[in-house]
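Topology and contacts: notes
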Amino acid sequence: MAERVRVRRLTDQEGQRLQQIVRRGSTSSVRHRRAMMLLASAGGNRVPVIAQLVAADDDTVRDVIHRFNEIGLACLDPQWAGGRPHLLGPDDEDLVVATATTRPAKLGQPFTRWSIRKLAAYLRKVHGRVIRLGREALRRLLARRDVTFQRTKTWKESTDPDRDAKLDRIEHVLERLPDRTFAFDEFGPLGIRPTGGSCRAKQSRPDHVPATYHRTHGVTCFHGCYSIGDDALWDANRRRKGAANTLAALKSIRAARPDGAPVYVILDNLSAHKGTKICQWAKRNNVHLCFTPTNASWANPIEAHFGPLHQFTLANSNHPNHTVQTRALHRYLRWRNANARHPDVLTAKRRKRARIRSEKGIRWGGRPIHAA
């Protein structure tokens, strides 16, 4: 049997960068779709499911995953270029790139970053070699070699001493027990304000949403649950995060598998997820909590599904109040659950279970999740 195509284990920096691209959706469409493929694969989704999620061909998804396993995040920016031969040799270009990506202070220069003018002047005086390039030619060379002018970024490395053990446990339940595994996380806060986005429109005649200056509706928080085996997502909008709302979500997950057999829930280390009442209830009801490592929430499989949720319900919207916003979220989730999984992946039993869940909804807090 052929080995399953899947991304290698992500580092903390890679996971957080992919999570940022998927959630914000403000980068190019190529980077956004490829980041969704990688994050979904890291969450245990199979290739046909990912292809359905991003509307791509199965072979395209496999190529992106293989490319990531070879070169890392550089695969987000494929090099589709040609043209005449370069005027500089490969060694000269490597020297230019190495100089541009080195802090000037390390090279004895009295500034903290390069400008094109300063870099071109330095290259004319570099020891043992003279490289004469105009500023425009230098700029083009750096752009071709994927060296651009960017803001400095920071990230948090996971300091969790049990990082590898937690990731191993998450991978185990995703691989071995997908029908018994769920994911839970919050998304928000969600305010009531016109939100820019993107849409189809006549050239030079973009659609507009009005501005607002008075925001008196407060905020809500999307509490989402995701069934790995059924590929079904459901939610409830709450005014705030808290242990009571987390417990209500866990009870809805337990209700999805009422047979009493163990279920596994992947969630992050928020204090509202690990209170005494929650731990005691989970122990009594055979619910096993699989916490992601500290500063590694990207390991939660639900993260890959928050990007489309934001892009298709919140971006380019102007909801007048939280009731309308919640109805829009529920309508999208009903559509998503009916169209999410590739038909060849689900067995007849899973298709039946997904249809029942989509039609009736899992009861959460005493009412169906699809009720307004």
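Bear in mind the structure is a predicted one, so any value in this text is a computation, not a measurement. (Residues numbered from 1 in each chain as written. Predicted model: local features only at pLDDT ≥ 70, side-chain atom pairs only at ≥ 80, totals over all residues. Heavy atoms only, no water.)

Here's the deal with the pairing of strand β1 (residues 181–191)
Taken across its 11 residues, β1 has eight buried, putting it largely inside the fold. Where β1 meets strand β4 (residues 263–267), three bridges bridge the pair, whose relative direction is parallel. From the neighbouring strand, Phe 182 faces β4, where its bridge partner is Val 265. Note that β1 and strand β2 (residues 219–227) share eight bridges and pair antiparallel. Looking at β2, one finds that Leu 190 is bridged to Thr 220. (Buried < 20%, exposed > 50% of the residue type's maximum accessible area, 1.4 Å probe, protein only. Helix = DSSP H or I, 4+ residues; strand = E, 2+ residues; numbered from the N terminus. Pairing = 2+ DSSP bridges.)

What about unusual backbone geometry?
Phi angles above zero are rare outside glycine, and Ala 55 is one such case at about 55°. Checked against the element boundaries, Ala 55 lands in the loop between α3 (47–54) and α4 (58–71). Classification of Ala 55 as exposed rests on a relative accessible area of 68%. Here Asp 146, not a glycine, exhibits a phi torsion of approximately 65°, which is positive. Here Asp 146 lies in the loop between α7 (135–144) and α8 (163–176).

Things to note about the layout of surface pockets
Here the largest pocket defines a volume of roughly 1,900 Å³. If you trace the largest pocket, you find 44 residues lining it, with Thr 148, Gln 150, Arg 151, Thr 152 and Lys 153 closest to the centre. Elements that contribute at least two residues to the lining of the largest pocket include exactly α1 (12–24), α6 (116–123) and α7. In terms of residue count, the dominant contributor to the lining of the largest pocket is α1 (seven residues). Residues of the lining of the largest pocket, tallied by class, amount to 15 nonpolar, 17 polar and 12 charged. Quantified by volume, the second largest pocket comes out at close to 630 Å³. Looking at the second largest pocket, it is lined by 25 residues, and the ones nearest its centre are Met 36, Leu 53, Val 54, Pro 308 and Phe 312. (1 Å grid on protein atoms, 1.4 Å probe; cavity = no way out; pocket = protein on both sides within 12 Å on 5 of 7 lines; lining within 4 Å. Points joined across faces, edges and corners; volume = space filled by probe spheres on them. Nonpolar A, V, L, I, M, F, W, Y, C, P; charged D, E, K, R; others polar.)

Regarding the sheet that holds strand β3 (residues 232–238)
Within a sheet, neighbouring strands are paired by backbone hydrogen bonds and run either parallel or antiparallel to one another. Pairing in this open sheet of five strands is mixed, and the strands run β3-β2-β1-β4-β5 from one edge to the other. Strand pairing shows two members of the sheet lacking a second neighbour, β3 and β5 (287–291), which therefore form its edges. Each strand axis lies, on average, 25° off the axis of its neighbour in the sheet, ignoring direction. Across the sheet, α8 touches β1, β4 and β5, and the angle it forms with β5 is around 130°. Packed onto the sheet, helix α11 (residues 303–314) meets β1, β2 and β3 and runs at close to 35° relative to β1. (Axes fitted to C-alpha atoms, helices over the stretch in contact; angles between N-to-C directions. Contact = heavy atoms within 4.5 Å.)

Considering the packing of α1 against helix α2 (residues 29–42)
At their nearest, the axes of α1 and α2 sit 9 Å apart, and the two run at 125° to each other. With respect to α2, the element α1 is oriented oblique. α1 and α2 meet at a crossing whose hand is left-handed. Contacts from Arg 17, Leu 18, Gln 19, Ile 21 and Val 22 of α1 reach α2 at Arg 31, His 32, Ala 35, Met 36, Leu 38 and Leu 39. Taken together, the residues that form the contact of α1 with α2 break down as seven nonpolar, two polar and two charged. (Parallel < 35°, antiparallel > 145°, perpendicular 65-115°, else oblique. Left-handed = near helix turned anticlockwise from the far one by under 90°.)

A word on helix α10 (residues 276–284)
Among all positions in α10, only Ile 278, Trp 281 and Ala 282 are buried. Down the axis of α10, the sector holding all buried residues measures 100°, keeping them to one side. Facing away from the buried surface of α10 by more than 90 degrees, the exposed residues are Thr 276, Lys 283 and Arg 284. Where the residues of α10 are buried, they touch α9 (243–256) and β5. Once α10 ends, the next one or two residues include Asn 286, with phi positive near 60°. (Arc of directions from axis to C-beta.)

Just geometry here; none of it tells us what the structure is for.
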